[in-house]
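Summary of structural features
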Amino acid sequence: MKPFTRLDGLVAPLDRANVDTDAIIPKQFLKSIKRSGFGPNLFDEWRYLDVGEPGKSNHDRPLNPEFVLNQPRYQGASVLLARENFGCGSSREHAPWALEDYGFRAIIAPSFADIFYNNCFKNGLLPIVLDAAIVDKLFKQCEANEGYALTVDLDKQTVTTPTGEAIPFEVDAGRKYRLLNGLDDIGPTLLHSDKIKAYEERRKAEAPWLFA
Amino acid sequence: MPGRTLYDKLWDAHVVHVEPDGTTLLYIDRHLVHEVTSPQAFEGLKLAGRKPWRTSSAVAVPDHNVPTTDRSQGIADPVSRLQVETLDANCAEFGITEFKMNDIRQGIVHVIGPEEGLTLPGMTVVCGDSHTSTHGAFGALAHAIGTSEFEHELATQCLVQKKSKAMRIRVEGELGKGVTAKDVALAIIGEIGTAGGTGYAVEFAGSAIRGLSMEGRMTLCNMAIEAGARAGMVAVDEKTVEYFRGRPYAPKGELFDQAAAYWKTLVSDADARFDAEVVLDAARIKPQVTWGTSPEMVVTVDGKVPNPADAPSEVKRHDWERALAYMGLAAGTPIEQIAIDKVFIGSCTNSRIEDLREAAAVVKGKHKAANVKLAMVVPGSGLVKQQAEQEGLDKVFLEAGFEWREPGCSMCLAMNADRLEPGERCASTSNRNFEGRQGAGGRTHLVSPAMAAAAGIAGHFVDVRNF
């Protein structure tokens, strides 16, 4: 996993609440047995005017000029500004894979759905919860200023605006450590193998039917 | 010691290790696997040279990609076929039990888990699918996991978790005639919103919940995720215990009695404290129909499509306008005047025998309306299909002009060949009405099986209570 430390990133505003993971990456692309290559189909149904299929080249497909990520000023964005309950619905980890593959490294929203939020941290993607009024202010600033960029500092837990305003955010200490260092969870968990085995022995005595 | 909630009891029984910040290693008893979210996890394990911890806890079934029509020629779509073959190969390589596509026990993962007794009260259950909350109906702690967590669980038998807050949703009183668990679920989501349960493990309680069958409780817990809750659950009672007697993977004989004695302790203590509580009056719940592109966009069947001008906030007004445009509906339209093109009866929400009986009772002796292009019934498993056929339900549906299909996820998410075409409107017993969910440009209205069946006969939504 790519570590996440500090990011100076162009911001793209996606002004919709309850963006679900079906919208982030439609189901037909879930047939892939790989982890990569989902970026060209991120937000497929909003981004293109035709229907995408796995294996179909995306280069010649007609783009929806109305969709925010197709606007020239947001090309190269790495920070996604979003509304409440971002990532609701299906547990598909293909959603963070698609966002990361497209080039996003941080998502700022007033709230996230639980499973999506959790999946982001496993993929070098930082979901940042800010107060709805602050997110609203960032939307206004972003839309008013072409080239609007934010600095995200995970170590200091701040999002800094172009005018130098540093907005603090909360992140769980364990998740922060693993993301800063690009670590997965399996290695650290296996350090507790003895405890897992001891648990199993105890549980086998209490509830033998679980191990039948 | 203060009283504990059902969630506390399930959590405490599975703690392996706790970090100072509360991050917990939680032991997992059962891992249900399907073809869509598993290939990358198996590959990750292989690439890292890691071994699965306890493969006997895992059971796999292909469900999302399988055709619901004739299967004798296999899967026509090569991409879908490869995904199912990859599951077969991984299960063979790692020694994981799999109910393959043509096994009578094949079906939707959340239907076959309880049906086989693979899910049991008191278990922690995980699956790479958000509707894993279904299994909480049995007093189990059932979580959806992502693919990375799947790989972690395979390698360690544990999940890294922080405990959620506890919410209790009590539905008290008696449900009216024609009002089902699906209507209760949609009414709850209408009340608390699709993010109302975010950060919570939800226990459904109250006399109306105790009155539900196990199938009904599964429908309710299935939809917990649509309210934002990663886990939904119902306390164990006599009905729960009896459900498992004689199930293939459930304990037998003395071991069953020993298990049952433990299962009966899986209820919230009278003095248990919840972080949030919601109470609904069962008698006031009517049949529900969603009108928009989020499950919280729901009204009663005797209602009208709402006006965005009445939305509670600016963000919601925006959402409602967009939803009406996508759904091709005008504000103020009575729900009963909305005509449909297709009917889908199935999905992990509503494909069990009780659901099929409800729908069959409505269509018996009638015929699908001329404007309904397709009405399909997709049983949740091969065994549900077999039982329905023994009861003659297949004939009831076929005589009414409904199609009788093979089991799978089907048009709930349209990963196989079953889908809506752009602009088509569907009365669906599934769980999500998101844009494009049942096919790009498709328009989904979520309803109960009886309401979907009635809409298929009338050609538009009708109040099943007067049907």
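Structural notes, computed from the coordinates.

**Here's the deal with the pattern of salt bridges**
Counted under the stated rule, the structure contains 49 salt bridges over all chains. Residue Asp22(A) is joined to Arg92(A) by a salt bridge in which the shortest nitrogen-to-oxygen separation is 3.4 Å. In this pair, Asp22(A) sits in helix 1 (residues 21–24) while Arg92(A) sits in the loop between strand 2 (79–81) and helix 3 (94–102), placing the two residues 70 residues apart along the sequence. There is no split in this pair, since Asp22(A) and Arg92(A) are both buried. Glu406(B) is paired through a salt bridge with Lys385(B); the nearest N and O atoms lie 3.2 Å apart. Highlighted residues: Glu406(B) in the loop between strand 17 (403–404) and strand 18 (425–428) and Lys385(B) in helix 13 (residues 382–390), separated in sequence by 21 residues. For Lys385(B), a relative accessible area of 14% translates into the label buried. Connected through shared salt-bridge partners, Asp15(A), Arg83(A), Asp136(A) and Lys140(A) make up one network.

**Looking at the interface of chain B and chain A**
In this assembly, 77 residues from chain B lie in contact with 58 residues from chain A. Of the roughly 5,400 Å² buried between chain B and chain A, counting both surfaces, carbon and sulfur atoms make up 55%. Linking chain B with chain A are eight salt bridges. Between Asp22(A) and Arg437(B) there is a salt bridge; the shortest N-O distance is 2.9 Å. Our enumeration of links across chain B and chain A arrives at 29 residue pairs in polar contact (both at pLDDT 80 or more). Only strand 1 (15–18), strand 2 (24–27), helix 2 (39–47), helix 3 (78–94), helix 5 (147–156), strand 8 (158–161), helix 10 (253–263) and helix 11 (314–327) of chain B provide two or more residues apiece to the side of chain B that touches chain A. With seven residues, the top contributor of residues to the side of chain B that touches chain A is helix 5 of chain B. Considering only residue class, the side of chain B that touches chain A consists of 31 nonpolar, 27 polar and 19 charged.

**Quick word on the packing of helix 12 (residues 353–363) of chain B against helix 13 of chain B**
Residues and elements named next belong to chain B. For the pair helix 12 and helix 13, the least separation of the axes is 10 Å and the interaxial angle reads 40°. Judged by the angle between their axes, helix 12 and helix 13 are oblique. In this structure, helix 12 crosses over helix 13, and the sense of that crossing is right-handed. Counting all contacts with helix 12, which are made through Ile 353, Leu 356 and Arg 357, the residues of helix 13 involved are Val 384, Gln 387 and Ala 388.

**Topic: the sheet that holds strand 11 (residues 231–233) of chain B**
Residue and element names in this part refer to chain B. On the basis of which strands lie adjacent, the open sheet formed by four strands has the order 11-10-9-12 and parallel pairing. Two strands close off the open sheet at either side, each with one partner strand: strand 11 and strand 12 (276–281). For this sheet, the mean inter-axis angle between neighbouring strands, taken without regard to orientation, is 20°. As defined by bridge partners, strand 10 (residues 200–205) adjoins strand 11 across three bridges and the pair is classed as parallel. Its bridge partner lying in strand 11, Glu 203 is registered against Met 233.

About the thresholds
- Residues numbered from 1 in each chain as written.
- Chains lettered and ligands numbered in written order.
- Predicted model: local features only at pLDDT ≥ 70, side-chain atom pairs only at ≥ 80, totals over all residues.
- Heavy atoms only, no water.
- Salt bridge = Lys/Arg side-chain N within 4 Å of Asp/Glu carboxyl O.
- Helix = DSSP H or I, 4+ residues; strand = E, 2+ residues; numbered from the N terminus.
- Buried < 20%, exposed > 50% of the residue type's maximum accessible area, 1.4 Å probe, protein only.
- Contact = heavy atoms within 4.5 Å.
- Buried area = accessible area lost by both parts, 1.4 Å probe.
- Polar contact = N/O pair within 3.5 Å; in protein donor to acceptor, adjacent residues only side chain to side chain.
- Nonpolar A, V, L, I, M, F, W, Y, C, P; charged D, E, K, R; others polar.
- Axes fitted to C-alpha atoms, helices over the stretch in contact; angles between N-to-C directions.
- Parallel < 35°, antiparallel > 145°, perpendicular 65-115°, else oblique.
- Left-handed = near helix turned anticlockwise from the far one by under 90°.
- Pairing = 2+ DSSP bridges.

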